Amino acid sequence: MEFERIPTVPTADEILDRCLRRAALKMRLKKNKDRANEEFVRAVSQAIHDRLVRIVRSFPELNEIPPFYRDIVDIMWGLDRVKKSLGAIGWAARWARTHGPGLAYQTRKAEDTAVLRKRAVARLSSVVHQIDEDLLFLNEIRNVVRKLPHVSDEFTVVVAGYPNVGKSSFIRLVSSADPEVASYPFTTRGIIVGHRMVGDERIQFIDTPGLLERAPEERNAIERQAMTAIINLADVILCILDASEHCGYSIEEQVRLLHDIEALVDKPVVAVVNKSDLAYFDGYLNMSTETGEGVNEVIDHLLHFRKRSQQERKAVTG
Ligand SMILES: Nc1nc2c(ncn2[C@@H]2O[C@H](COP(=O)(O)OP(=O)(O)OP(=O)(O)O)[C@@H](O)[C@H]2O)c(=O)[nH]1
Ligand SMILES: [Mg+2]
C-alpha cells in the first residue's frame, strides 16, 4: 500500500525554516539589496507553495484507496475531517502562489525594501501557521496508516476465536513465507497476515487478535466498526476452538462465541477445533498446529469457499 511511503508531515515552523533558509541561500550572492529582497519574497512563497503541494500529493486519493483502508481512516478520524485538512493545506499552497508575486512586486516598489520583505514574510508565516493543526493531524494519520497490514483483494480467510486457541500459530504454520506482523489501530497486539500458495493462487490469512472475543453487546460502536472492517475482507471466517480448554475458556463458552460470530456476520463461518494432540471434540474438524495433524484437511475445506467466492466475483463483474 502506498501509505508507507508517505513521508513525515512537517510542522508549520519546520516548513518556514526550510523555505526561509533556502531562499536566503539563493539571495546570498545578489549584489543589489533591493533586488535581493524582492527575489527573496518570490523564492519563499514559491518554496512554501511547492512544499505544501508535495505534502498533499504524498497522501493517496481517499476515494481511490481500497475499502479496508478507507474504512479504517473513516473509523479513526472521519473521512471528511481528513479531506478538510488536506483541503486546508491546498488552500495555503494556493494562497502562497497567488499572493507571492504581488508581495514580491510590492517589496520592489517600496521605499524600504527590507521592511516590506519582513512584512511579506510575516504574512506568509501567518498563513502557514493557520494550517499548523492540519499538518499535525495529517502527520498523526501518517504515523498510524503506515503500520497497517498489507491486505489485498484476493481469497481471504479471517481467523477468529478466543485468545490462546492457536490463531497465530495456525497462520504461521500454513503461511508459505514469513507472515507479516503489522499493527491494527483497534487492538494493542500485532495483527498477523500470512499467505499460502495453492496451485497458482494465493490464500490470504488475517488474524483478529482481541477483536472477536467479546460478546457483541459488550462492544462499543468503534469496536464494532473496526471488526466490520476486518470481516469485510473475509471470503470465509475460520473460527478456531480449543477443546483442551488450555486457552482458559470452557468449550461451552467457545461454542457460544462461534454462534455469536455466525449470527453477526453474513459470511460463511468454518469452525475447527485446534490442539487435537491434547483433546478431540466430535462433530467438528479437528487439527493440531503443533503436530500438523488435520491442517491440510482444514485448508482443503477452506478452498471450497474459494471456488464459490470466485464464482461470486465473476457474477458481480459479469
Ligand atoms: N498443544 C498444543 N498447543 C498449541 C497448539 N496450537 C497452539 N498451541 C499453543 O497455544 C498457545 C496460544 O497459541 P497462539 O497461536 O498464540 O494463540 P492465539 O489464538 O493467536 O492467541 P491470541 O493472539 O492471544 O489471541 C501457544 O502457547 C501455542 O504454542 C496445538 O495444536 N497444540
Ligand atoms: Mg495471536
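The following paragraphs examine the structure supplied in this document. Remember, it's a predicted structure, so these values are computed and weren't measured experimentally.

### Regarding the packing of helix α1 (residues 12-27) against helix α5 (residues 113-130)
Then, in step 1: Taken N-terminus to C-terminus, the directions of α1 and α5 make an angle of 150°; their axes are 9 Å apart at the nearest point. With respect to the hand of their crossing, α1 and α5 are arranged in right-handed fashion. Every residue of α5 that contacts α1 at Ala12, Ile15 and Leu16 is listed here: Ser125, Val128 and His129.
Then, in step 2: Here the contact of α1 with α5 is composed, by residue class, of four nonpolar, two polar and no charged.

### Considerations on the nonpolar core
Soluble globular proteins: nonpolar side chains tend toward being buried together.
Then, in step 1: Val157, Val158, Val159, Leu238, Cys239 and Leu241 are the most contacted members of the largest nonpolar core, which has 50 residues in total.
Then, in step 2: With six residues, strand β5 (residues 236-242) is the single largest residue contributor to this core.
Then, in step 3: The two domains that each donate at least three residues to this core are domain 1 (2-145) and domain 2 (156-317).
Then, in step 4: One finds Val41, Val44, Ala96 and Val121 within the second-largest nonpolar core, a separate group that totals 29 residues.

### Focus: the environment of Val295
Then, in step 1: Among the structural elements, Val295 can be located in helix α10 (residues 295-317).
Then, in step 2: Separated by 23 residues in sequence, Val295 and Val272 have C-alpha atoms that sit 9.7 Å apart.
Then, in step 3: What Val295 contacts, discounting residues up to four positions off in sequence, is Leu173, Val174, Met287 and Thr289.

### Brief notes about the site of ligand 1
Then, in step 1: Near ligand 1, the surroundings consist of 16 residues, among which Gly166, Lys167, Ser168, Ser169 and Glu290 are the closest.
Then, in step 2: Here the shell around ligand 1 takes three residues from helix α7 (residues 167-174), the largest share from any one element.
Then, in step 3: Residues of the shell around ligand 1, tallied by class, amount to four nonpolar, eight polar and four charged.

### Description of α7
Then, in step 1: Here α7 has its buried residues at Lys167, Ser168, Phe170, Ile171 and Val174. The arc that holds every buried residue of α7, seen down its axis, measures 160°, which confines them to one face.

### Concerning helix α3 (residues 67-77)
Then, in step 1: All of the buried residues along α3 are Phe68, Ile72 and Val73. Each buried residue of α3 sits inside an arc of 130° when the element is viewed along its axis, so together they form one side.
Then, in step 2: On its buried face, α3 is in contact with α4 (79-109), α6 (132-145) and α8 (221-231).
Then, in step 3: Count one or two residues on from α3 and you reach Gly78, which has phi positive near 85°.

### A look at the packing of α1 against helix α2 (residues 33-58)
Axes are the key here: two packed helices are described by the angle between their axes and the distance separating the axes.
Then, in step 1: Running from amino to carboxyl end, α1 crosses α2 at an angle of 140°, the nearest separation of the two axes being 8 Å. Accordingly, the angle class assigned to the pair α1 and α2 is oblique. Regarding α1 and α2, the two cross each other, and that crossing is right-handed. Facing α1, whose interface residues are Ile15, Cys19, Leu20, Arg22, Ala23, Lys26 and Met27, α2 presents Ala36, Glu39, Phe40, Ala43, Val44, Ala47, Ile48 and Arg51.
Then, in step 2: When grouped by side-chain class, the residues that make up the contact of α1 with α2 number eleven nonpolar, no polar and four charged.

About the thresholds
Residues numbered from 1 in each chain as written. Chains lettered and ligands numbered in written order. Predicted model: local features only at pLDDT ≥ 70, side-chain atom pairs only at ≥ 80, totals over all residues. Axes fitted to C-alpha atoms, helices over the stretch in contact; angles between N-to-C directions. Helix = DSSP H or I, 4+ residues; strand = E, 2+ residues; numbered from the N terminus. Left-handed = near helix turned anticlockwise from the far one by under 90°. Contact = placed C-beta atoms within 7 Å. Nonpolar A, V, L, I, M, F, W, Y, C, P; charged D, E, K, R; others polar. Core = buried A, V, L, I, M, F, W, Y, C linked by C-beta atoms within 7 Å. Buried ≥ 20, exposed ≤ 12 C-beta atoms within 10 Å, placed from the backbone. Domains from an automatic or database assignment. Near = placed C-beta within 6 Å. Arc of directions from axis to C-beta. Parallel < 35°, antiparallel > 145°, perpendicular 65-115°, else oblique.

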